[in-house]
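# Report on the structure
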Amino acid sequence: MADPMKMRATLKGDVADVRVLMGHPMETGQRKDGSGKVIPLHFIQEVTVRLNGKPVIEGQISQAVSRNPVFSFRIKGKAGDKLEVSWLDNKGETNKTETALA
(Lines give C-alpha, C1' and ligand atoms only; values in the text may rest on other atoms or scores of the structure.)
Protein backbone atom coordinates (compact mmCIF):
# COMPACT_ATOMS: atom_id res chain seq x y z
CA MET A 1 0.00 0.00 0.00
CA ALA A 2 1.42 3.35 -1.04
CA ASP A 3 1.69 6.23 1.41
CA PRO A 4 -0.71 9.11 0.81
CA MET A 5 0.16 11.98 -1.49
CA LYS A 6 -0.55 15.61 -0.68
CA MET A 7 -0.89 18.35 -3.28
CA ARG A 8 -1.35 22.10 -3.04
CA ALA A 9 -2.10 24.24 -6.08
CA THR A 10 -2.30 28.00 -5.67
CA LEU A 11 -3.72 29.83 -8.67
CA LYS A 12 -2.57 33.41 -9.34
CA GLY A 13 -4.01 34.78 -12.55
CA ASP A 14 -3.65 31.97 -15.09
CA VAL A 15 -0.62 30.28 -13.47
CA ALA A 16 -0.78 27.78 -10.60
CA ASP A 17 2.13 27.10 -8.26
CA VAL A 18 1.92 23.39 -7.43
CA ARG A 19 3.68 21.40 -4.70
CA VAL A 20 3.25 17.65 -4.40
CA LEU A 21 4.46 15.47 -1.51
CA MET A 22 4.79 11.88 -2.71
CA GLY A 23 4.89 9.43 0.19
CA HIS A 24 7.37 6.73 -0.85
CA PRO A 25 10.38 5.01 0.80
CA MET A 26 12.67 5.58 -2.24
CA GLU A 27 15.09 2.80 -1.25
CA THR A 28 18.46 2.88 -3.03
CA GLY A 29 19.25 -0.81 -2.55
CA GLN A 30 22.34 0.16 -0.52
CA ARG A 31 20.87 0.49 2.98
CA LYS A 32 20.73 -2.41 5.45
CA ASP A 33 18.00 -3.28 7.91
CA GLY A 34 18.52 -4.02 11.61
CA SER A 35 19.67 -7.58 10.91
CA GLY A 36 22.23 -6.51 8.30
CA LYS A 37 20.26 -7.56 5.21
CA VAL A 38 20.24 -5.19 2.25
CA ILE A 39 16.90 -3.47 1.79
CA PRO A 40 15.84 -4.09 -1.85
CA LEU A 41 15.69 -1.33 -4.44
CA HIS A 42 12.29 0.40 -4.38
CA PHE A 43 11.82 3.79 -6.03
CA ILE A 44 9.48 5.91 -8.14
CA GLN A 45 10.33 5.59 -11.84
CA GLU A 46 7.71 7.65 -13.64
CA VAL A 47 5.79 10.79 -12.70
CA THR A 48 2.89 12.10 -14.80
CA VAL A 49 0.96 15.36 -14.45
CA ARG A 50 -2.37 15.69 -16.24
CA LEU A 51 -4.47 18.81 -16.65
CA ASN A 52 -8.11 18.05 -17.47
CA GLY A 53 -7.07 14.50 -18.42
CA LYS A 54 -4.30 15.52 -20.86
CA PRO A 55 -0.67 14.78 -19.96
CA VAL A 56 1.32 18.00 -19.57
CA ILE A 57 4.41 16.67 -17.75
CA GLU A 58 5.93 13.20 -17.97
CA GLY A 59 9.21 12.49 -16.24
CA GLN A 60 11.48 9.70 -15.14
CA ILE A 61 13.36 9.73 -11.85
CA SER A 62 15.66 7.29 -10.10
CA GLN A 63 16.62 6.01 -6.67
CA ALA A 64 18.86 9.07 -6.20
CA VAL A 65 15.80 11.08 -5.06
CA SER A 66 15.18 11.27 -1.30
CA ARG A 67 12.43 9.52 0.66
CA ASN A 68 8.99 11.17 0.39
CA PRO A 69 10.02 13.47 -2.46
CA VAL A 70 8.45 16.89 -2.94
CA PHE A 71 8.07 18.17 -6.48
CA SER A 72 7.02 21.67 -7.37
CA PHE A 73 6.17 23.22 -10.70
CA ARG A 74 4.06 25.91 -12.34
CA ILE A 75 1.28 25.24 -14.78
CA LYS A 76 -1.09 27.44 -16.77
CA GLY A 77 -4.76 26.91 -16.08
CA LYS A 78 -7.97 28.44 -14.82
CA ALA A 79 -10.18 28.02 -11.77
CA GLY A 80 -11.92 24.65 -11.83
CA ASP A 81 -9.36 22.86 -14.03
CA LYS A 82 -8.68 19.33 -12.78
CA LEU A 83 -5.01 18.63 -11.96
CA GLU A 84 -3.86 15.02 -11.40
CA VAL A 85 -0.39 13.80 -10.40
CA SER A 86 0.46 10.09 -10.50
CA TRP A 87 3.52 7.89 -10.21
CA LEU A 88 4.66 4.35 -11.01
CA ASP A 89 7.49 2.66 -9.13
CA ASN A 90 9.92 -0.12 -10.03
CA LYS A 91 7.71 -2.73 -8.30
CA GLY A 92 4.64 -1.78 -10.34
CA GLU A 93 2.93 0.10 -7.52
CA THR A 94 1.08 3.29 -8.41
CA ASN A 95 -0.45 6.22 -6.61
CA LYS A 96 -2.24 9.40 -7.63
CA THR A 97 -3.84 12.50 -6.23
CA GLU A 98 -5.97 15.18 -7.81
CA THR A 99 -7.32 18.62 -7.08
CA ALA A 100 -9.18 21.41 -8.79
CA LEU A 101 -7.34 24.66 -9.40
CA ALA A 102 -8.76 27.45 -7.26
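Heads up: these notes are all about the structure in this document. (Residues numbered from 1 in each chain as written. Predicted model: local features only at pLDDT ≥ 70, side-chain atom pairs only at ≥ 80, totals over all residues. Heavy atoms only, no water.)

### Structural notes on the overall build of the protein
Each helix and strand counted, the protein has zero helices and seven strands in total. Counted from the first residue to the last, the protein has its helices and strands arranged as β-β-β-β-β-β-β. Oriented by its inertia axes, the alpha-carbon framework of the protein measures out at about 55 × 20 × 20 Å. Per-residue burial for the protein yields a buried fraction of 34% across its 102 residues. Considering only contacts in the protein between residues 6 or more positions apart, those separated by 24 or more positions represent 56%. (Helix = DSSP H or I, 4+ residues; strand = E, 2+ residues; numbered from the N terminus. Buried < 20%, exposed > 50% of the residue type's maximum accessible area, 1.4 Å probe, protein only. Contact = heavy atoms within 4.5 Å.)

### A few points about the sheet that holds strand β6 (residues 82–89)
The strand order across the open sheet formed by four strands is β4-β3-β6-β7, and the pairing between neighbours is antiparallel. Looking at the sheet topology across the chains shown, the edges are occupied by β4 (54–60) and β7 (94–100). Each neighbouring strand pair of the sheet contributes to a mean axis angle of 15 degrees, computed without reference to strand direction. Pairing geometry for strand β3 (residues 44–51) and β6, over seven bridges, is antiparallel. Considered in β6, the bridge of Val49 is made with Val85. (Pairing = 2+ DSSP bridges. Axes fitted to C-alpha atoms, helices over the stretch in contact; angles between N-to-C directions.)

### Focus on the side chain of Glu27
Locating Glu27 in the fold gives a position in the loop between β2 (15–22) and β3. For Glu27, the side chain forms a polar contact with the side chain of Arg31, separated by 2.7 Å. Apart from residues no more than four positions distant in its own chain, Glu27 is found in contact with Ile39, Pro40, Leu41, His42, Phe43, Gln63 and Arg67. (Polar contact = N/O pair within 3.5 Å; in protein donor to acceptor, adjacent residues only side chain to side chain.)

### Examining the nonpolar core
General note: in soluble globular proteins, nonpolar side chains tend to be found buried as a group. One finds Val18, Val20, Met22, Ile75, Leu83 and Val85 to be the most contacted residues of the largest nonpolar core, which totals 20 residues. Going through the elements one at a time, β1 (5–12), β2, β3, β5 (70–76) and β6 are the ones with two or more residues in this core. Other than its neighbours up to four places away in sequence, Ile75 contacts Asp14, Val15, Ala16, Val18, Val49, Leu51, Val56 and Leu83. (Core = buried A, V, L, I, M, F, W, Y, C linked by side-chain atoms within 4.5 Å.)

### Digging into the sheet that holds β1
Taken in spatial order, the three strands line up as β1-β2-β5 in an open sheet, and their pairing is antiparallel. Each edge of the open sheet is held by one strand with a lone partner, namely β1 and β5. Strand-to-strand twist of the sheet, defined as the mean angle between neighbouring strand axes without regard to direction, takes the value 15 degrees. Judged from the seven bridges that link them, β2 and β5 form a sheet pairing that is antiparallel. If you follow Asp17 over to β5, its bridge partner there is Arg74.

### A word on the pattern of salt bridges
Summed over all chains, the structure comprises five salt bridges. One salt bridge in this structure joins Asp17 and Arg74, with 2.5 Å as the shortest N-O distance. With Asp17 in strand β2 and Arg74 in strand β5, this residue pair connects regions lying 57 residues apart in the sequence. For Arg31, the salt bridge goes to Glu27, with nearest N and O atoms at 2.7 Å. (Salt bridge = Lys/Arg side-chain N within 4 Å of Asp/Glu carboxyl O.)

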